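This is what each chain is made of:
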Amino acid sequence: MKTKLTNREQRERRHKRIRARVVGTELKPRLCVYKSNKFIYGQIIDDSKGKTLFAVSDIKLDSGTKKTKAERAKIVGAMLGKMAVDKRVKRVAFDRGGFIYTGRVKALAEGAREAGLDF
């Protein structure tokens, strides 16, 4: 008898399929996205060395101004893109982490593209 997978298990399976294809190298690192119910996180990772080059989240954003989660995600993407471009990283491989490419994930990607990243 089959049991239904939880949403988390389904996302983890999707992420495994994505990671089978998306690999970060020194010339083209991986932009990895993770979102929780409250926050969104973005990392640029060089898988060949096993190192995280940059990491940004919206946890420490200015809490005085009220912004939607999508607006905060776009800011995180722009911050991540700016950090990467400053260190001469132009191209990345986008890893959406098993999440659907809408809403906050899309906003983060658009923010990174506007900052100068190419993917």
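Located above this text is the structure these notes cover.
Residues numbered from 1 in each chain as written. Predicted model: local features only at pLDDT ≥ 70, side-chain atom pairs only at ≥ 80, totals over all residues. Heavy atoms only, no water.

J.: Please explain the sheet that holds strand E4 (residues 93–95) as it appears in this structure.
T.: Where strands meet in a sheet, backbone hydrogen bonds hold them as pairs that are either parallel or antiparallel. The four strands are arranged E3-E2-E1-E4 in an open sheet whose pairing can be described as mixed. At either margin of the open sheet sits one strand with a lone partner, and together these are strand E3 (51–57) and E4. Neighbour to neighbour, the strand axes of the sheet diverge by 20° on average, direction disregarded. Examined bridge by bridge, strand E2 (residues 40–46) and E3 share six bridges and lie antiparallel to one another. Paired with Ile45 across the two strands is Thr52, which belongs to E3. Packed on one face of the sheet, helix H3 (residues 103–114) meets strand E1 (30–35), E2 and E4 and runs near 145° to E1. (Pairing = 2+ DSSP bridges. Helix = DSSP H or I, 4+ residues; strand = E, 2+ residues; numbered from the N terminus. Axes fitted to C-alpha atoms, helices over the stretch in contact; angles between N-to-C directions. Contact = heavy atoms within 4.5 Å.)

J.: What am I meant to see in the nonpolar core here?
T.: As a rule of thumb, soluble globular proteins bury nonpolar side chains together. Core analysis: the biggest nonpolar cluster contains 20 residues, and Leu31, Val33, Ile44, Leu108 and Leu117 have the highest contact counts within it. Of all the elements in the fold, those that place two or more residues in this core are E1, E2, E3, helix H2 (69–86) and H3. Broken down by element, this core gets its largest block of residues, five residues, from H3. (Core = buried A, V, L, I, M, F, W, Y, C linked by side-chain atoms within 4.5 Å. Buried < 20%, exposed > 50% of the residue type's maximum accessible area, 1.4 Å probe, protein only.)

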